[in-house]
Amino acid sequence: MKILVVGGGGREHAIIRALKKSAGVDEIWCAPGNGGISYDAKIKPIASTNVEAMVAFAKEEGIDYAIVAQDDPLALGMVDAMAEVGIPAFGPNKAAARIEASKAFSKDLMKKYDIPTAQFETFSSADDATAYINSYENFPVVLKADGLALGKGVLICQTKEEALAGIQEIMVDKHFGDAGNKLVVEEFLTGPEVSVLSFCDGKTCIPMMSSQDHKRAHDNDEGLNTGGMGVVAPNPYYTPEIAAVCEETIFKPTLKAMQQEGCPFKGCLYFGLMITEAGPKVIEYNARFGDPEAQVVLPLLNGDFLEICQACTNGKLDEVEFSFDDKASAIVILASGGYPEAYEKGKVITGLVNGQIDGCKHDNVHVIHAGTKLDGDKLVTNGGRVLGVVSVNDTLQSALDDAYSEIENIKFEGAFCRHDIGAKALACLNS
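This one's a predicted model, so the numbers in the text were calculated from it and none came from an experiment.

1. Focus on the pattern of salt bridges
Part 1 of the reasoning: Summed over all chains, the structure comprises 19 salt bridges.
Part 2 of the reasoning: Members of the salt-bridge network, linked through shared partners, are K2, E27, K42 and E61.

What follows is the structure in structure tokens.
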């Protein structure tokens, strides 16, 4: 089969590496792709949000199956558009993608179907939001831009003054563009965070291995929120007991709710959870594989990835067998200096051959490319999160040790990474 993966970051690279292990895959295309992905797939430089051009290319190239991996094209209805020309695709249709594309939709869904989440209010005007905050007393408080904002449209405000400034930033100054046309204000929850990706076929939801992301840019959870500076899996805070509660109070009810709303969810549904004193609650849903969660979860998959994806599309997930290795996985992200704010591109990357570490001493370590491109015969930086070093081993400590030992071999001007990825998970395991 000829497969098209829509997107151009680390998540897409991880998906392609999983597809390469699938029996039915003959050829993989990625659009727009990136420099590192070009070592593993054919690249077509089409913007992932250009639905018309992407569908035309897929039809012209004779693509048999597409995996729409990014949030924006899902929200724009690319899965629907592919179906209209007879190309089946992995991912939710436009109606179901609202579970991520609109925070207001997802929060209203949880409220209507009694799915545990933070208490919230939704506003369409800055004046109304301001009046609410002026009467609010239980700080800190969380402000969320309603629409898609590259994973950055969330502000945690410690004081009333910060919250009022946040309303100005999101709704008036439009720091996140049209994503800030509506605003969700919700209570601040505390507890360990857990990410759970799940395969869904509209009626069946099968969770994958849990993971723990690290959003802050610098060590000790300092600095600004990013798209993710590292992930470990499994997440030790996600015990079998917690998993059983999530299954009955969150996973099954969410899938049933989407069915009852007339938009059954097919694809990968991401549950962003917090384990509070009152039990697990939903922080957010994503309508696709997390990035960089996919990079640590997919290497642990035992099963044919393409077969699983097709079963999700065809409503036959309960007919496919797969499992996850009883091992640990970790990724450490190497980012451009200045990220997540202003940063320079075009820095030459050294220490890699054909996209992987030159002289890598660990067979269990590989590199995932997120923001790289080829400039002639040189690989250069082309994003904030440039690449990630992934390691799989018997224990989390050994996986982290291997990833950190190998990441030192990769160099480019301004490169930085967090040095405490997995520290909280290790503390939990050792407590």
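2. Here's the deal with the environment of K215
Part 1 of the reasoning: Along the chain, the position of K215 falls in the loop between strand 11 (205-213) and strand 12 (216-218).
Part 2 of the reasoning: Look at K215 and you get partly exposed, because its relative accessible area is 30%.
Part 3 of the reasoning: Residues K215 and T226, spaced eleven residues apart in sequence, show a C-alpha to C-alpha distance of 5.2 Å.
Part 4 of the reasoning: Once residues lying within four places of it in the same chain are set aside, the contact partners of K215 are L224, N225, T226, G227 and G228.
Part 5 of the reasoning: Polar contacts involving the side chain of K215 include one to the side chain of D213, which spans 3.4 Å.
Part 6 of the reasoning: Only 3.3 Å separates the side chain of K215 from the backbone oxygen of G227, close enough to count as a polar contact.

3. Describing the nonpolar core
Part 1 of the reasoning: Of all hydrophobic cores here, the largest spans 46 residues; its most connected members are I15, L19, F90, F199, F289 and F305.
Part 2 of the reasoning: When residues of this core are assigned to their parent elements, the largest contribution, six residues, is made by helix 11 (residues 305-314).
Part 3 of the reasoning: With near-sequence residues (within four places) excluded, F305 lies in contact with I15, A18, L19, S22, I67, F199, F289 and L298.
Part 4 of the reasoning: M110, I242, I250 and C263 belong to the second largest nonpolar core, which has 27 residues in total.

4. Observations regarding the environment of Y404
Part 1 of the reasoning: Position of Y404 relative to the elements: it lies in helix 12 (residues 396-407).
Part 2 of the reasoning: For the pair Y404 and I331, spaced 73 residues apart in sequence, the C-alpha to C-alpha distance is 9.2 Å.
Part 3 of the reasoning: Those residues within four positions of Y404 in sequence are excluded, and the remaining contacts are V332, C417, R418, H419, D420 and I421.

5. Concerning the sheet that holds strand 7 (residues 141-145)
Part 1 of the reasoning: Here four strands make up an open sheet; going across it, the order is 6-9-7-8 and the pairing antiparallel. Two strands lie at the open edges of the sheet, namely strand 6 (120-123) and strand 8 (154-157), each paired on one side alone. Averaged over all pairs of adjacent strands, the angle between their axes in this sheet comes to 20 degrees, without regard to strand direction.
Part 2 of the reasoning: Across four bridges, strand 7 lies against strand 8 in antiparallel orientation.

Rules used in this analysis
Sequence order as written defines the numbering, with residues in each chain counted from 1. Owing to the predicted nature of the model, reporting of local features is limited to residues with pLDDT of at least 70; listing and counting of side-chain atom pairs is limited to 80 or more, with chain, interface and lining totals taken over all residues. In computing side-chain properties, one takes all heavy atoms of the structure into account and sets aside hydrogens as well as water. A carboxyl oxygen of Asp or Glu within 4 Å of a side-chain nitrogen of Lys or Arg is what we treat as a salt bridge. Counting from the N terminus, the helices are DSSP H or I runs at least four residues long and the strands are E runs at least two residues long. Working definition: with a 1.4 Å probe on protein chains only, accessible area under 20% of the residue-type maximum means buried, over 50% means exposed, and in between means partly exposed. We call two residues contacting when some pair of their heavy atoms lies within 4.5 Å. What qualifies as a polar contact is a pair of N or O atoms within 3.5 Å, subject to a donor-acceptor requirement within protein and to the restriction that residues adjacent in sequence count only when both atoms come from side chains. Buried residues of nine kinds, namely Ala, Val, Leu, Ile, Met, Phe, Trp, Tyr and Cys, make up a nonpolar core once their side-chain atoms join them within 4.5 Å. Note: two strands are recorded as paired if DSSP finds a minimum of 2 bridges between them. Here the axes come from fitting lines to C-alpha atoms, over the contacting stretch only for helices, and the angles between their N-to-C directions go from 0 to 180 degrees.

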